[in-house]
Structures are given as structure tokens and as C-alpha cells.
Amino acid sequence: MDSSSPACVSFIGIVDFTEDANWVYCSESVYDLLGYEPHELIGYSSLNLVHPDEFSEVKELHYTTISQDQAAVLAYLRMRHKDPYKGYILCGISRTVCQNVLVGSVSFAAPGPKAMHNASTAQEVKIITPTAKDLEFRRWNDPNPMPPCPVPSSRSGSPDYRRDRSRAITFDPLPEQSVRTALILDRFSVNCGILYCSNDSLLSTTTCMGRSFFDFVARKDEDLVRSWIDVIKGWGVNERGQPSDGGFGFGKFTVLVNGRDSRCVRVPPAFPPHEPCACVHAHNAIYPVPSRHRNGSHAHSHPHTDPHSHSHSHPHSHSSQSHSHSHSRTRDSRGGYRDRDRERERDRDRDGERNRDRERDRERDRGTMRPPPARSRADNGDLVVDAIFSAHSDGLMVILRKSSS
């Protein structure tokens, strides 16, 4: 790889709603692309890196993106490298408004299949650098992949637009927009751990940080969402085989606000048909997914291993058969314990619900009834969301909002 050429990578960036578009978050690949460490940029204006000839238009673009509450939009502009000998680099900037911040990524832009793919999956493409006209991609009569989002009624005063391009617009910090939450996931793990959560509007930050993303995906949707993420990961690879950006994917699924333990799976019964009790326990029992790092292999702890496999492999060994039957009884009793534990948990939940009902009745009698929570959720914590998925060098980004349909 030529050391003088820019790296074909992307970094995740988050900026605020002020007119300076100050950096709030930068992932580590900013060093590979622009030569800066994240701590050198966070707290400073992102517009300081913009080419002087494009400063006014980029600042206006920042205002327009926020005020129009846009999502999954793409722009091509030049950004300054820390090394003065590398000058300005043509970059693709993806942007999505997430309530009170603007989240997205910055990647090296060059003509080719990847640029066409990125542009074809974006909801809007804005060309600011004149030499980037070849990267623009337009489709005829394609419907918007995301349903329209209601635009908040509160708006600040109109900015002071200038005809003279040498003077940029000025505006006060913009108000919050529609409720969206941005998650950054670990793209290099199977469970996609949550590395960053932009706000508490849909998921509690303290609850979700560090946990698997699939802990908050409904079990019925998990396989589908995993398949989407596999596709997004495949898109997010550059021509050199390095993790990079890869356009946008759109989907809808159910989020479990309270989370669950996605590391456990239900296993089919591994008992003969003439043992109905054992079969029932096997259906109800939940066993942890084997770790690939446990004892160097998961062959010894595979949940689908037949407990009678020892007797089949050693038909003349009485000890193996005895061990097999004792193992079946162990799994059977283990399932029985779990049944009793779940029953006790249900009793506690019912007691807690009765206590909450009594408390609400007392509040109603006192005239101090609290208003319902701001965000609408089902009683069991389910929330149907629209989602935007995108891959980047340092992780996967998922933008969530409550579905309007």
C-alpha cells in the first residue's frame, strides 16, 4: 500500500447542533483517514477541517440537515489532513439527525462500485466539491425506504442567508428534533456488543451499554436482524478487504426495552418418545450457548449433543449407559428447578403489579396521579421500531426510531 495515498477507511463521527458543529465523538479510524487522534478533535469545530472554498456551503448544509430532520443522507466534500503535505482529502460524509446530535461517518471517496452502492442506498446525495460530480447517483421514481417522519413544530428563527459565498450563515443552537437513538455496535463480535448509545429516549444507556445488541431484539425477530447485520457487514468492506463503510440498510423489528438474555437458546428434546416428562423439561429448559473459547472447543459442551451418544459409540460399555441415564436425570431435574424458579418470578411480578395498582389508586384518591410516561411502550416492554443500519471501519451504527405504522 502506498503510504502517500489516503487510507480507504471510514470513521464514525458525532457533532452537536451548534453553528460550529463541534465534535462530540470520533472513533479511532479518524487517525488513519485524517491523521488526528480523537482527543485532538473532540470539543472543537468540525468545520475547521473543511476546505475554505466550501466552508459557507457546508455550514449551510449543517443547518439544513438539522432543520429538515434528515436521515441517511450523503455529501461529498473536502476535509483537511493533519499532515500539510497531504492537503485536503475528498470524503463522503453520511449524516442522520438523532434528536439532539448529528451522527454519521466520514470515509475516503473515490469512483467505483462502492461509491455507487453508497449513493444508491442514501436518501439524498449532495455534491459540494465540484470534482466529485462523477460520484452522484440518481434513481428514477424510487420510493423513500423510510416512512416520512413528523417534523417537530418548534423551530428557531430563519438563519441569516448570504448571497455572498465568502460569508457563512449564522444561527442559534437548533432545538431537538424527532426522537431517534443511535447505537454503535462492535462489528467484530458475534453478539454485537453495544459500545455507545446517544440518548435514553428508546433504550436506557445504563441498561444497554456493554450488553449484546440482540438482548434488545425480540426473539421472533433475532434471526432476521442477524441476517441483516451479516449483509451490512459484507457491504462494509473496501476493495482491499479492509473493514470500511458500505451504504445504508433499512428495516423494522421489535425492540425489547427491558432486554433479555440472548446468549441462551432453547434446545429440542433429546430424549426417547416414551419419556414425556423428560421431553417437557427439555422444551422448557434454557441452556447457555457454548463459547468457542471454552476448553478450546465447543464440541464438549454443544447443547444439541445427544446424551445417549456414549452408549451408541460404546455399545458394550455398561458404565457409559449408566452415565447417559444419570445425565438425562440431571438435565430433567435441572429443568424442574427452572420451572419452579420461573413460577416464583411470575408470583413476584404479580405481587409487584398489585402493589403498583394499589399505589395508583391511592394517588388517584389524593389527586396526585402521575402522568403516563412520555414514550409509548407496551406493557411487556416491546416497541416496534424503524431502523437504519450502516457499517464502518470501527463498528456498526444502528439508528432507531419508534415506528409510525
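Above this text sits the structure in question.
Described in the following lines is the structure provided in the data block. (Residues numbered from 1 in each chain as written. Predicted model: local features only at pLDDT ≥ 70, side-chain atom pairs only at ≥ 80, totals over all residues. Heavy atoms only, no water.)

With that settled, consider the pairing of strand β1 (residues 10-15). Taken across its six residues, β1 has six buried, putting it largely inside the fold. In the sheet, β1 pairs with strand β5 (residues 101-108) via six bridges, with the strands oriented antiparallel. The residue of β5 that forms the bridge with V15 is L102. Pairing geometry for β1 and strand β2 (residues 23-26), over three bridges, is antiparallel. By the bridge assignment for β2, V15 is matched with W23. (Buried < 20%, exposed > 50% of the residue type's maximum accessible area, 1.4 Å probe, protein only. Helix = DSSP H or I, 4+ residues; strand = E, 2+ residues; numbered from the N terminus. Pairing = 2+ DSSP bridges.)

If you check the backbone angles, Q99 has positive phi at about 65° while not being a glycine. Note on placement: Q99 falls in the loop between β4 (88-98) and β5. Taking the relative accessible area as the measure of exposure, Q99 reaches 11% and is therefore buried.

For β4, a buried count of nine out of eleven residues is recorded, marking the element as mostly surrounded by other parts of the structure. In this structure, β4 lies alongside β5, joined through eight bridges in antiparallel fashion. Note that in β5 the partner of T96 across the bridge is V103. Here β4 folds back onto β5, and the loop between the two strands holds two residues, one of which, Q99, carries a positive phi near 65°.

Take L61: it is sitting in helix α3 (residues 55-67). For the pair formed by L61 and A75, sequence separation is 14 residues and the distance between their alpha carbons is 9.1 Å. Setting aside residues no more than four positions away along its own chain, L61 makes contact with A75, R95, K126 and I128. (Contact = heavy atoms within 4.5 Å.)

Attention shifts here to the sheet that holds β5. In spatial order, the strands read β2-β1-β5-β4-β3-β6; together these six strands make up an open sheet with mixed pairing. Every interior strand has two partners, whereas the edge strands, β2 and β6 (124-127), have only one. Taking the axes of each pair of neighbouring strands and ignoring which way they run, one obtains an average angle of 30° across the sheet. Sitting on the sheet, α3 is in contact with β1, β3 (73-80), β4, β5 and β6, with an inclination near 20° to β4. (Axes fitted to C-alpha atoms, helices over the stretch in contact; angles between N-to-C directions.)

A word on helix α6 (residues 219-235). Structural remark: α-helix, 3.6 residues per turn; residues separated by three or four positions point the same way. Over its 17 residues, α6 extends 25 Å from the first C-alpha to the last, a length consistent with the 24 Å expected when each residue adds 1.5 Å. Considered for burial, the residues of α6 that qualify are D221, E222, V225, I229, I232 and K233. Buried residues along α6 sit in contact with β9 (248-256), β12 (382-392) and β13 (395-402). (Expected span 1.5 Å × (residues − 1).)

Before going further, it helps to spend a moment on the nonpolar core. The biggest cluster of nonpolar side chains holds 30 residues, and the ones touching the most others in it are F11, W23, L34 and M79. Those elements that place two or more of their residues in this core are β1, β2, α1 (30-34), α3, β3, β4 and β5. In this structure F11 touches W23, C26, S27, S29, V30, L33, L34, G104, S105, V106 and D394, once residues within four positions along its chain are discounted. In terms of nonpolar packing, the next biggest core, distinct from the first, is built from 26 residues, C208, V217, F389 and A391 among them. (Core = buried A, V, L, I, M, F, W, Y, C linked by side-chain atoms within 4.5 Å.)

Counted by the stated rule, this structure contains two cavities of 30 Å³ or more. Size it by volume and the largest cavity reaches roughly 300 Å³. For the lining of the largest cavity, the secondary-structure elements that each account for two or more residues are β1, α3, β3, β4 and β5. In terms of residue count, the dominant contributor to the lining of the largest cavity is β5 (five residues). (1 Å grid on protein atoms, 1.4 Å probe; cavity = no way out; pocket = protein on both sides within 12 Å on 5 of 7 lines; lining within 4 Å. Points joined across faces, edges and corners; volume = space filled by probe spheres on them.)

Strand order in the open sheet made by the five strands is β8-β7-β13-β12-β9, with antiparallel pairing throughout. Unpaired on one side and paired on the other, β8 (194-197) and β9 mark the two borders of the sheet. Across the sheet, the axes of successive neighbouring strands diverge by a mean angle of 30°, strand direction being ignored. Of the strand pairs in this sheet, β9 and β12 are connected by nine bridges, and their pairing is antiparallel. Within the sheet, the bridge partner assigned to V255 lies in β12 and is L383. Across the face of the sheet, α6 comes into contact with β9, β12 and β13 while running at roughly 155° to β9.

Remark: the centre distance and the inter-plane angle together describe each pair of aromatic rings, the angle taken between the planes. Under the definition given, this model contains seven aromatic pairs. Relative to W23, the ring of F11 lies with its centre 6.0 Å away and its plane at 50°, an arrangement referred to as tilted. Residue F11 is located in strand β1, and its partner W23 is located in strand β2; the two are separated by twelve residues in the primary sequence. Judged by relative accessible area, which is 0%, F11 ranks as buried. On the basis of relative accessibility, which here comes to 6%, the residue W23 falls in the buried class. Three or more aromatic residues joined by ring pairs make a cluster, and in this case those are F213, F214, W228, F253 and F389. (Phe/Tyr/Trp six-rings, centres within 6.5 Å; stacked < 30°, edge-to-face > 60°.)

Coordinates in, geometry out; function isn't part of it.
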